[in-house]
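In case you want the letters, here they are:
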Protein chains: 2
Amino acid sequence: MYTDAYFMNEALKQAKIAFKENEIPVGAVVVCRNKVIARAYNQTERLTDVTAHAEMLAITSAANALGAKYLTECKLYVTLEPCNMCAGALFWSQIGEIHFGATDPKRGYSNNPVNLLHPKTKVFKGVMAQEAKDLLDLFFKKLRN
Amino acid sequence: MYTDAYFMNEALKQAKIAFKENEIPVGAVVVCRNKVIARAYNQTERLTDVTAHAEMLAITSAANALGAKYLTECKLYVTLEPCNMCAGALFWSQIGEIHFGATDPKRGYSNNPVNLLHPKTKVFKGVMAQEAKDLLDLFFKKLRN
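For clarity, every value in this text was computed on a predicted model and none was experimentally measured.

Visitor: Please clarify how the pairing of strand E3 (residues 74-80) of chain B should be interpreted in this entry.
Guide: Regular strands show a simple pattern: their side chains alternate between the two faces of the sheet. Residue and element names in this part refer to chain B. With six of seven residues buried, E3 lies mostly within the body of the structure. Alignment of strand E1 (residues 27-32) against E3, held across five bridges, turns out to be antiparallel. Bridge pairing links Val31 to Lys75 in E3. Direction of pairing for E3 relative to strand E4 (residues 97-102): parallel, over a ladder of five bridges. The partner of Leu80 across the bridge, within E4, is Ala102. For the segment spanning E3, helix H3 (residues 84-93) and E4, crossover handedness is right-handed.

And the structure:
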């Protein structure tokens, strides 16, 4: 059995790929029965597409791997708190668990007074949050210079 | 100059394609400088992907047509009120205007106490709402039988 930290580190590896490709460094993996079935990182710049967040690509990829629309038996590990769009997508996917690292005080879904996620989805936060935040801070510092 | 009804009818044509393909019949077009630059319909079943709503596919397609991420000069015409996911995506796109037909009392973004759209986005509703609703009602009636 792998730990949450193991899977979050896999998500962090994806975020690091995004960093190298000059994308805002957010990475995600989807885990089903203790196995990574999808990996993705933010590709909004490469794809010229605001919808190409790591979570969105991971959901699409996971559904493709399973051959099923719903991810009720799956867990998403993502380095940054999902935005409203991704929370809305996660709602539709009925994903079992969401584990996110850094919080997003500005654009995170949890800034809303209502829960955008599916009522059955369990949320865990703070796993490797500092590593995820450090990578984001470094990215934006580099961008400003 | 084409009218809003003309463009909404183009969106409705997309919804009718969805209907024929046994998808929940929602269609969308993106208009830029009075020209349709993207057309899409809901394909969640065909693509086995909960993120494949008409609006999401239309945003991606429009950005592709423009070669630009932001749709500030564009208008979305969609037959049904966008859900939270699509509202979140429309926020990121900074789309200029949204025109929707039927309201979605259960899953529409406007059920939220906060505005999920970009503050600069103008919203118009009710254009050909009855036609859009009739098509949806017919679809769900067919599904139950």
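Visitor: Looking at this structure, how should I read the relation of the copies chain A and chain B?
Guide: One copy of the chain maps onto the second through a rotation around an axis plus a translation along that axis. Mapping chain A onto chain B is achieved by rotating through 180° and translating by 0.0 Å along the same axis, at an RMSD of 0.0 Å. Both copies of the chain, as the preceding transformation shows, are related through a two-fold rotation axis. Using C-alpha coordinates, one finds that chain A approaches the rotation axis most closely at Met85 of chain A, a distance of 2.1 Å. Here 100% of the interface residues in chain A have copies in chain B that are interface residues too; the copies meet face to matching face.

Visitor: Explanation requested: a nonpolar patch on the surface in the structure shown.
Guide: Where nonpolar side chains cluster on the molecular surface, the patch consists of Ile24, Phe140 and Leu143 of chain A and spans about 260 Å² of accessible area. Mapping Phe140 of chain A onto the fold places it in helix H4 (residues 129-144).

Visitor: Sorry, what's going on with the sheet that holds strand E4 (residues 97-102) of chain A here?
Guide: Sheets are built from strands that pair by backbone hydrogen bonding, the pairs being arranged parallel or antiparallel. Residues and elements named next belong to chain A. In space, the five strands of this open sheet follow the order E2-E1-E3-E4-E5, with mixed pairing throughout. At either end of the open sheet lies a strand with only one pairing partner, and these are strand E2 (35-41) and strand E5 (122-125). With direction set aside, neighbouring strand axes in the sheet form an average angle of 15°. In the packing of H4 onto the sheet, the strands contacted are strand E3 (74-80) and E4, and the crossing angle to E4 comes to about 55°.

Visitor: Help me out: how do you make sense of the environment of Glu81 of chain A in this one?
Guide: Residue and element names in this part refer to chain A. Here Glu81 is to be found in the loop between E3 and helix H3 (84-93). Among the residues examined, Glu81 registers a relative accessible area of 3% and is labelled buried. Through-space distance from the C-alpha of Glu81 to that of Ala129 is 9.8 Å; in sequence the pair is 48 residues apart. Not counting chain neighbours up to four residues away, the residues in contact with Glu81 comprise Phe100, Ala102, Thr103, Asp104, Gly108, Tyr109 and Ser110. Within the structure, Glu81 has its side chain in polar contact with the backbone nitrogen of Asp104 (distance 2.8 Å).

Visitor: Just to check I follow, could you spell out the packing of aromatic side chains for this structure?
Guide: Each aromatic ring pair is characterised by the separation of its centres together with the angle its planes make. Applying the stated criterion to the full structure yields 16 aromatic pairs over all chains. Look at Phe7 of chain A and Tyr77 of chain A: their rings are 5.3 Å apart centre to centre, the planes differ by 40°, and that puts the pair in the tilted class. Of this pair, Phe7 of chain A sits in helix H1 (residues 4-20) while Tyr77 of chain A sits in strand E3; the two residues are 70 residues apart in sequence, bridging distant segments of the chain. Take Phe7 of chain A and Tyr77 of chain A: they sit in the same class, and that class is buried. Where Phe100 of chain B meets Tyr109 of chain B, the ring centres are 6.4 Å apart and the plane angle is 85°; that geometry is what we call edge-to-face. Given a relative accessible area of 7%, Tyr109 of chain B falls into the buried group. Clustering of aromatic rings is evident, with ring pairs tying together Tyr2, Tyr6, Phe7 and Tyr77 of chain A. The aromatic ring of Phe19 of chain A is capped on one face by Lys142 of chain A, whose charged end is 4.3 Å from the ring centroid.

Each value, and the rule that gives it
Every chain is numbered independently, its residues counted from 1 as its sequence is written. Ligands are numbered from 1 and chains lettered from A, in the order in which they are written. Reporting in this predicted model follows two pLDDT cut-offs: at least 70 for local features of residues, and 80 or more for side-chain atom pairs to be given and counted; totals over whole chains, interfaces and linings ignore these cut-offs and use all residues. By convention in this description, side-chain values take in all heavy atoms of the structure and omit both hydrogens and water. With a 1.4 Å probe rolled over the protein chains alone, any residue whose accessible area is under 20% of its type maximum counts as buried; one over 50% counts as exposed, and the rest are partly exposed. A run of DSSP states H or I qualifies as a helix once it reaches four residues; a run of E qualifies as a strand once it reaches two. Both are numbered from the N-terminal end. Pairing between two strands is assigned when DSSP locates at least 2 bridges connecting them. Here is how to tell: hold the view so the strands point away, follow the path from the first strand over the helix to the second, and if it runs clockwise the crossover is right-handed. A residue counts toward the fit only if its pLDDT is at least 70 in both copies, and the copies are then superposed by least squares on the C-alpha atoms of those residues. Whether two residues are in contact is decided by their heavy atoms: any pair within 4.5 Å suffices. By definition, no residue in a patch forms a salt bridge, and every one has over 30% relative accessible area; like charges are joined within 9 Å, nonpolar side chains (Val, Leu, Ile, Met, Phe, Trp, Tyr) within 5 Å. Accessibility throughout is a Shrake-Rupley quantity obtained with a 1.4 Å probe, and a residue counts as covered only by protein chains that appear here. In what follows, salt bridge is the name for a side-chain nitrogen of Lys or Arg lying within 4 Å of a carboxyl oxygen of Asp or Glu. Here, axes are lines fitted to C-alpha atoms. For helices the fit covers the stretch in contact, and angles between N-to-C directions go from 0 to 180 degrees. Throughout this description, a polar contact denotes any pair of N or O atoms lying within 3.5 Å of each other; where both atoms belong to protein, one of them has to be capable of donating a hydrogen while the other can accept it, and for residues adjacent in sequence the pair is counted only when both atoms sit in side chains. Ring geometry is summarised as follows: Phe, Tyr and Trp rings, the Trp one being its six-membered ring, pair when their centres sit within 6.5 Å, and such pairs are stacked at plane angles under 30 degrees, edge-to-face over 60 and tilted between the two. Ring-over charges, as used throughout, are those where CZ of Arg or NZ of Lys falls within 6 Å of the ring centre and within 35 degrees of the ring normal.

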